[in-house]
Amino acid sequence: MCGTGKPPRGLKICCGITTVLLITVIVVGLVLFLTVLKPRKPKITTQSVTLDSIKWVVIPVFHLNITLGIVVIVDNPNYGSFKYDNSTVFVTYRGIPAAQAPIQQDTIPARAKHDVGTTVVVVVDNFSSNPYFLVDLTSGSLNFSSTTSLHGKATVLKILKIKTTTFTTCDISVNVQAQNASSVCHSEAKYKL
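Residues numbered from 1 in each chain as written. Predicted model: local features only at pLDDT ≥ 70, side-chain atom pairs only at ≥ 80, totals over all residues. Heavy atoms only, no water.

Peer 1: Would you mind going over the overall build of the chain with me for this structure?
Peer 2: Within the chain, the regular secondary structure consists of two helices and ten strands. Dimensions of the chain, computed from C-alpha atoms along their principal axes, come out at roughly 105 × 25 × 25 Å. With 193 residues in all, the chain has 34% of them scored as buried. The contacts of the chain with a sequence gap of at least 6 include a subset with a gap of at least 24, amounting to 65%. Looking at the chain as shown, the accessible area adds up to about 12,200 Å², and 62% of this sits on carbon and sulfur atoms. Where the 18 positive side-chain charges of the chain centre and where its 9 negative ones centre are 23 Å apart. (Helix = DSSP H or I, 4+ residues; strand = E, 2+ residues; numbered from the N terminus. Buried < 20%, exposed > 50% of the residue type's maximum accessible area, 1.4 Å probe, protein only. Contact = heavy atoms within 4.5 Å. Areas by Shrake-Rupley, 256 points an atom, 1.4 Å probe, with all protein chains shown as cover. Lys, Arg positive; Asp, Glu negative; His and termini not counted. Charge placed at Lys NZ, Arg CZ, Asp CG, Glu CD.)

Right under this line is the structure:
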């Protein structure tokens, strides 16, 4: 009588319980992933923008270099770490490229804050022909914009790896007379499974 009878009652109960448990685990996992483990945008705040040096040369030709030290704090609110590749900070003055500086690869731990810093040397010769430059310089304030994108992977529970890119823009104001600088930054993150 092989294959013609009904399956044993114990097998039906076992399959039913297994199905219910499997559905419960899937629902709980999905709810956790969509709520607690959902990737969140990192909070990026400027810790300091320092004016490390200003070098003036007026004779024989006007020449000005500004060295900025930029340190931002990246607050990773996620339950996974973020490992990013080498990147570059681009600084512009009224849309004209003014400088660039490297950012070394690193890892930001889960639910932690991390300092990311670099030094940017702005060579004013690149944009001194801009018609607004002398007006800004005589007013005592030079305004720059910086952009950075960090490409990397966010690891959740050491199992799930999500490709992540963060974009940061900062508006930097250098007060030439007081020889200090200030900035305001905004960030955005994009995730790909």
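Peer 1: Looking at this structure, I do not really get the side chain of T165. What am I missing?
Peer 2: Considering the arrangement of structural elements, one finds T165 in strand β9 (residues 160-175). Residue classification places T165 among the buried positions, given a relative accessible area of 16%. Setting aside residues no more than four positions away along its own chain, T165 makes contact with L150, H151, E188, A189 and K190.

Peer 1: I'm lost on the environment of L150 in this one. Help?
Peer 2: Tracing the backbone shows L150 in strand β8 (residues 141-156). Put simply, L150 and T88 are 62 residues apart on the chain and 8.5 Å apart in space, counted from C-alpha to C-alpha. Excluding anything up to four places from it in sequence, L150 contacts F82, Y84, S87, I103, T164, T165 and T166.

Peer 1: Just checking my understanding: could you explain the UniProt feature "domain: Late embryogenesis abundant protein LEA-2 subgroup" (unreviewed entry) in the chain for this structure?
Peer 2: Under the local residue numbering, the UniProt record ascribes the feature "domain: Late embryogenesis abundant protein LEA-2 subgroup" (unreviewed entry) to residues 74-162. Between the end C-alpha atoms of residues 74-162 there is a gap of 18 Å, over a span that is 8% helix and 64% strand. (UniProt positions renumbered as here; feature names shortened; annotations may be inferred.)

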